[in-house]
Amino acid sequence: MLDLKFIRENPELVRQGLLNKNSRDVVGEVLSLDEERRSLIIKTDELKAKRNQASAQIPQMKKAGQDTATVLAEMKLVSDQIAQLDGQLREVENKIDAILFATPNIAHSSVPVGKSSDENVEARKWLPNGFSFQTDFKILDHIELGKKLKILDFERGTKISGSGFPLYTDKGATLERALINFMLDYHLQHHGYKEIFPPFLVNRDSMKGTGQLPKM
């Protein structure tokens with residue numbers, strides 16, 4: 001999620017970054033809500049300081065035998081104002097979060113700008129010695145090959161999770177599991193990784209922190 005402070009300090013950079021990713025320009029809207037947010041915080045803090053001052057004053061007035069009814073009534077109004085402003089602040093912060101969670105991160109300056117995948121740039125190509133793509137038969141892509149070998153089931157995957165999520169079957173599932181084990185074992189043995197097996201169910205904050213919500 002884009003950082004609010006970063007947007008505040010780099011509005012044009014973020015705006016151009018969003019345009020480069022063909023995303024909606026939300027910078028003006030976010031900065032406007034941020035101004036409202038900071039204004040509400042200042043007003044709330046001033047009222048809280050006033051309430052704290054009165055809270056310290058009331059015991060002294062009672063000790064001196066002075067009537068505190070007027071001060072107490074005034075503090076009741078102040079407390080009501082604070083509650084109202086806190087509610088407005090939560091509403092504004094929720095609006096900011098909703099926008100930022102739905103806004104993509106900006107790409108690195110080295111990434112070429114394009115409108116679609118057709119404008120992708122090939123950075124480098126590597127082929128083993130003696131290997132060539134020149135063949136006398138049609139080369140199948142991973143989708144065609146997966147369907148032919150019956151190791152990928154896109155139709156059932158779409159029913160379960162949506163477009164772009166294949167269901168691995170038979171040797172496809174075995175291969176996927178083997179690759180996961182290979183990756184984990186390699187990093188544990190060679191890179192000093194510490195293996196962790198987290199719970200299958202997580203709370204909303206965890207999903208937000210890993211970028212799964214609100215997208216998923």
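Rules behind the numbers
- What you see as residue numbers is a count from 1 along each chain, following the sequence as written.
- Two thresholds apply to this predicted model, a pLDDT of at least 70 for residue-level local features and 80 or more for giving and counting side-chain atom pairs, whereas whole-chain, interface and lining totals are computed over all residues.
- With hydrogens and water set aside, each side-chain value is computed from the structure's full complement of heavy atoms.
- Secondary structure is summarised from DSSP: a helix means a run of H or I of at least four residues, a strand means a run of E of at least two, and numbering begins at the N terminus for each.
- Only protein chains enter the area calculation, which uses a 1.4 Å probe; residues under 20% of their type maximum are buried, those over 50% are exposed, and those in between are partly exposed.
- Note on areas: these come from Shrake-Rupley sampling with a 1.4 Å probe, and a residue is covered only by the protein chains present in the view.
- The angle between two axes is taken between their N-to-C directions and runs from 0 to 180 degrees, where each axis is a line fitted to C-alpha atoms and a helix contributes only its stretch in contact.
- Oblique is the label for any angle not covered by the other classes, which are roughly parallel (under 35 degrees), roughly antiparallel (over 145) and roughly perpendicular (65 to 115).
- Contact criterion: two residues are considered in contact whenever any of their non-hydrogen atoms come within 4.5 Å of each other.
- Residue classes follow a fixed rule: Ala, Val, Leu, Ile, Met, Phe, Trp, Tyr, Cys and Pro count as nonpolar, while Asp, Glu, Lys and Arg count as charged, and any other residue, Gly among them, counts as polar.
- Here, a salt bridge means any side-chain nitrogen of Lys or Arg that lies within 4 Å of a carboxyl oxygen of Asp or Glu.
- Only the six-membered ring of Trp is used, alongside the rings of Phe and Tyr, when aromatic pairs are assigned; centres must lie within 6.5 Å, and planes under 30 degrees apart are stacked while those over 60 apart are edge-to-face, with the rest tilted.
- Distance and chemistry together define a polar contact, namely a pair of N or O atoms within 3.5 Å, with one atom able to donate a hydrogen and the other to accept it when in protein, and with adjacent residues in sequence counting only for side-chain atoms on both sides.
- If you view the pair so one helix is near and one far, a crossing is left-handed when the near helix is turned anticlockwise from the far one by less than a right angle, and right-handed when it is turned clockwise.
- Note on terminology: a nonpolar core comprises buried Ala, Val, Leu, Ile, Met, Phe, Trp, Tyr and Cys residues joined through side-chain atoms within 4.5 Å.

Draft legend 1. Spatial organisation of the overall build of the chain. Counting secondary structure elements, the chain contains eight helices and two strands. Secondary structure elements of the chain occur, N-terminal to C-terminal, as α-α-α-α-α-β-α-β-α-α. Out of the 216 residues belonging to the chain, those deemed buried represent 19%. With the model as given, the accessible surface of the chain reaches about 17,000 Å², and the carbon-plus-sulfur share is 55%.

Draft legend 2. Molecular detail of the packing of helix 2 (residues 11–20) against helix 3 (residues 27–63). As a packed pair, helix 2 and helix 3 sit with axes 10 Å apart at the nearest point and diverge in direction by 140 degrees. With respect to each other, helix 2 and helix 3 are oriented oblique. When helix 2 is examined against helix 3, the residues P11, V14, R15 and L18 are found in contact with a partner set consisting of V27, G28 and L31. Grouping the amino acids of the contact of helix 2 with helix 3 by side-chain chemistry returns five nonpolar, one polar and one charged.

Draft legend 3. Structural detail: the pattern of salt bridges. Throughout the structure, instances matching the rule amount to 15 salt bridges. Here E12 ties to R15 by a salt bridge, and the two come within 2.6 Å at their closest N and O atoms. One end of the pair, E12, and the other, R15, are both in helix 2, three residues apart, so they sit about a helical turn from each other. We classify E12 as exposed; its relative accessible area is 52%. Across the pair R156 and D153 runs a salt bridge, and its minimum N-O distance is 2.8 Å.

Draft legend 4. Structural view of the packing of aromatic side chains. Here the structure, examined in full by the defined rule, presents two aromatic pairs. Ring plane angle 40 degrees and centroid distance 5.9 Å describe the contact between F182 and Y186, whose orientation is recorded as tilted. One end of the pair, F182, and the other, Y186, are both in helix 7 (residues 171–190), four residues apart, so they sit about a helical turn from each other. The exposure class of F182 is exposed, given its relative accessible area of 55%. With 5.7 Å between their ring centres and 85 degrees between their planes, F197 and F200 make a pair best called edge-to-face. Take F197 and F200: they sit in the same class, and that class is exposed.

Draft legend 5. Spotlight on the side chain of T103. For T103, the position within the fold is in the loop between helix 4 (69–101) and helix 5 (142–148). Polar contacts involving the side chain of T103 include one to the main-chain carbonyl oxygen of I99, which spans 2.6 Å. Setting aside residues no more than four positions away along its own chain, T103 makes contact with L2, L18 and V26.

Draft legend 6. Unusual backbone geometry, seen in detail. Despite not being glycine, N22 has its phi angle at roughly 60 degrees, a positive value. Assignment of secondary structure puts N22 in the loop between helix 2 and helix 3. Residue N22 is classed as partly exposed on the basis of its relative accessible area, which comes to 43%.

Draft legend 7. The arrangement of the packing of helix 3 against helix 4 in detail. Where helix 3 meets helix 4, the axes come as close as 9 Å, and the angle between the chain directions of the two elements is 155 degrees. The orientation of helix 3 with respect to helix 4, classified from their angle, is roughly antiparallel. The two elements helix 3 and helix 4 meet at a crossing, and its hand is left-handed. Residue composition of the contact of helix 3 with helix 4, grouped by class: 19 nonpolar, four polar and twelve charged.

Draft legend 8. Seen up close, the nonpolar core. Among the nonpolar cores identified, the biggest contains 24 residues, and I7, V30 and L100 are the most heavily contacted of them. Only helix 1 (4–9), helix 2, helix 3 and helix 4 provide two or more residues apiece to this core. Counting residues per element, this core draws most heavily on helix 4, which supplies ten residues. Not counting the four nearest positions on each side in its chain, L100 is found in contact with M1, L2, L4, I7 and V30.

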